[in-house]
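Results of the structural survey
What follows is each chain in one-letter form.
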Amino acid sequence: GAPRRGAARCRAAAAVKEPAASGSSSALSREKAADLYKDMLLGRGFEDMCAQMYYRGKMFGFVHLYNGQEAVSSGVIRALREDDFVCSTYRDHVHALSKGVPADNVMAELFGKATGICRGQGGSMHMFSEPHNMLGGFAFIGEGIPVATGAAFQTAYRRRVLGDEAADQVTCAFFGDGTCNNGAFYECLNMASLYKLPIIFCVENNLWAIGMDHRRATAPSMGDSKPHIWKKGEPFGMPGKLVDGMDVEAVHAAANEAIARARAGEGPTLLEFETYRFRGHSLADPDELRKPEEKELFAKRDPLPAFKKKLLARGVYTEEELKAMEKEVEAVVEASVEFADASPRPQENQLLENVFADPRGFGIGEDGRYLYERNM
Amino acid sequence: TAVNEALHEALESDGKAVVFGEDVGFGGVFRCTTGLAERFGRDRVFNTPLCEQGIVGFGVGLAAMGHRAIAEVQFADYIFPAMDQLVNEAAKYRYRSGGQWDCGGLTVRAPCGAVGHGGHYHSQSPEAYFTHTPGLKVVVPSGPREAKGLLLASIRDPNPVVFFEPKMMYRTSVEDVPEGDYELPLGEARVVREGSDATLVGWGPQVKVLVAAAKELEETDGAQCEVIDLRTLLPWDYETVCASVSKTGRLVVSHEASFTGGFGAEIAAFVSERCFLRLESPPVRVCGQDTPFPGHAHEPLFLPTQQKVVEAVRSSIGY
């Protein structure tokens, strides 16, 4: 989309020097705190609703829920401008929501309806939204990273080559721990550094790639006993930071720093967020491999109650005010289901649309009628 | 599963056979590798990190050094990063080294095909891309009994084999699978049903559809269709198919993969040339639409359904 100056976001100018620092309360404005809390509530409520709808047969296929990782999506994406880019994975519902894609259209997409963000043709793993610069949604791990790198490149090109001062958009690429063993990841780290691109590589390390434990999939660096993904930044010429992904303030602070760096033309950053998914890899995953002790440890660090507790303790909001936010978000989620339910299915002829730029390429015959009888 | 049994047999009978891929350690996302790690040890059955190109490439090297490397690609849709290693390395190893080395020991297994809710990236049938590669063999079983025998044959075949397992059949297919070690020949098609009015050729999950169409046509039109399960696509058994078409005079090829450039095109072209004077009607292909594999809502419209096959056979017969 064309560069758009959205309403000025309240970006807390946090001067965080150490990684994994817990964000200080003074860095977060009251409005921003509410924004983050409501966004996490939306992420959680929406995904819980997805699980319900899936078991009721309203949603099909491979659905990967984000429960537990909300602090990362909210902390990073709510620090972005509307015209910044986000590139995600198959675990993309919440990234889309944080980016501002209306819950109605995300739910409709999941139900396969024509009012879905991709006209019902993408489904759970392919959330694309041009007005929000949400570049998807990829079923294939690592597939989105080069795409994000390209988006960052076009920003840098407009700024440095075409001299457009307003071209200061930032791109965030999200991916998991497993993906960090994929060739595409390394190729893009190198290119981002070489071309000094305004991109932030956001690793959502939830320790598991389906059934493969990160600690058994990734070799440690020399001298280490465990793997550290954030350390892979420096060999590729960019800062690498480890962040507590269960603490939305820490995430937000780290994101702000990396965003400021990118926007100033100083190049890429690699951020590793320690996080956890409370549910299985997908709704079809029996999740038998992860130990209960590990799950309990992370359940105790649930980002939502943790943040709520902080807000109450610091007197930023009262119990009633927070409850009102919770109710507000609940209503949004329920409305999205009603909207999706009431929406129509895609027309049959939609199958043949958008294969090529010219729909007559394969889809429409000389007489202007659709060709879907052709191969029957 | 039959595939699981085949893998047990393969590892049992050859001490240099290894199985690897994403998540195979716990049995894999389709349970094909259940019990293997426990029985044969994690040195022979192991998980790899997420890197298809690396997995297959590493398999090429392992096979070149004399092992039976059985690599699993979690979904056929993910095989594309590995395509370079398959097409440029595995297929050409024997040829370019003048026979000094080969990676005949390499077998790449990948679940393929529509499953009802797979969407764009868990439903594809990419066999056509690989049939265009001399040096590789491409095999697609149509059921559990076939799968076990064909997989064992593929593993033991002295050429690199890409083995596509229709994922729909992991759960839906119920068949008696013979116990123990047995192989089914590669490069030989199987005549599933005999008939003299039309030849229907398919592979994998489409074979069931063709059989159902043949039954319907027998009941409604009294037509007797011969159904052939190709089993191996490269090299394909053109003798069996041509003999059949010489008898029936009509050919209908059907596959889930898209129409244009699908493997059906190769079969139709070859048969047109070889059996020209025996044909009563032009060879016809009933295939997936020329679009990317669609989302759930459009899947039935995309696929070559029984109804579409029946109509195609009917028009052939009535030509």
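Our subject is the structure listed above.
Now for a look at the structure at hand. What you see is a predicted model, and the numbers here were worked out from it, not measured in a lab.

Procedures and definitions
- Residues numbered from 1 in each chain as written.
- Chains lettered and ligands numbered in written order.
- Predicted model: local features only at pLDDT ≥ 70, side-chain atom pairs only at ≥ 80, totals over all residues.
- Heavy atoms only, no water.
- Helix = DSSP H or I, 4+ residues; strand = E, 2+ residues; numbered from the N terminus.
- Rg over C-alpha atoms; globule rule 2.2 N^0.38 Å.
- Buried < 20%, exposed > 50% of the residue type's maximum accessible area, 1.4 Å probe, protein only.
- Contact = heavy atoms within 4.5 Å.
- Lys, Arg positive; Asp, Glu negative; His and termini not counted.
- Charge placed at Lys NZ, Arg CZ, Asp CG, Glu CD.
- Patch = residues over 30% accessible without salt bridge, like charges linked within 9 Å, V, L, I, M, F, W, Y side chains within 5 Å.
- Areas by Shrake-Rupley, 256 points an atom, 1.4 Å probe, with all protein chains shown as cover.
- Salt bridge = Lys/Arg side-chain N within 4 Å of Asp/Glu carboxyl O.
- Phe/Tyr/Trp six-rings, centres within 6.5 Å; stacked < 30°, edge-to-face > 60°.
- Lys NZ or Arg CZ within 6 Å of the ring centre and 35° of its normal.
- Pairing = 2+ DSSP bridges.
- Axes fitted to C-alpha atoms, helices over the stretch in contact; angles between N-to-C directions.

What follows covers the overall build of chain B. For chain B, the helix and strand inventory stands at 13 helices and 12 strands. Over its C-alpha trace chain B gives a radius of gyration of 19 Å, about what one expects of a compact globule, namely 20 Å for 319 residues. Summarising its shape, the C-alpha atoms of chain B cover approximately 60 × 45 × 40 Å along the three principal directions. When each of the 319 residues of chain B is scored for burial, the buried share is 61%. Considering only intrachain contacts with a sequence separation of at least 6, the fraction spanning at least 24 residues in chain B is 80%. Both charge centroids of chain B, one from 28 positive and one from 41 negative side chains, sit 2 Å from each other.

Residue and element names in this part refer to chain A. A grouping of Phe153, Tyr157, Val161, Leu162, Met191, Leu194 and Tyr195 is seen on the molecular surface, where their side chains present a nonpolar patch of about 690 Å² in accessible area. For the nonpolar patch, the secondary-structure elements that each account for two or more residues are α5 (144-160) and α6 (183-194). Here Leu162 lies in the loop between α5 and β4 (171-176).

With that settled, the discussion passes to the packing of aromatic side chains. What the rule picks out here adds up to 25 aromatic pairs over all chains. Both rings, one in Tyr276 of chain A and one in Phe298 of chain A, keep their centres 4.4 Å apart while their planes meet at 5 degrees; by these two values the pair is stacked. Pair noted here: Tyr276 of chain A is in the loop between β9 (269-274) and α9 (292-299) and Phe298 of chain A is in helix α9, with a separation of 22 residues, a long-range link. Each of the two residues, Tyr276 of chain A as well as Phe298 of chain A, counts as buried. Here the aromatic cluster, defined as three or more aromatic residues joined through ring pairs, consists of Phe62 and Phe140 of chain A together with Phe30, Phe75, Tyr78 and Tyr170 of chain B. The ring of Tyr93 of chain B carries Arg96 of chain B above its face, with NZ or CZ at 4.6 Å from the centroid. It is Arg285 of chain B that lies over the ring of Phe259 of chain B; its NZ or CZ is 4.2 Å from the centre.

Residue and element names in this part refer to chain B. With mixed pairing, 5 strands are arranged side by side in an open sheet as β7-β9-β8-β11-β12. Each of the sheet's edge strands pairs with one partner strand only, and the pair in question is β7 (190-193) and β12 (284-288). Put simply, the sheet's adjacent strands are angled 25 degrees from each other on average, direction ignored. For strand β8 (residues 198-202) and strand β11 (residues 251-258), the ladder comprises 3 bridges, and the chain directions are parallel. Bridged to Val201 within β11 is Val253. The sheet contacts of helix α13 (residues 306-317) involve β8, β9 (225-229), β11 and β12, and relative to β12 the element is tilted by about 170 degrees.

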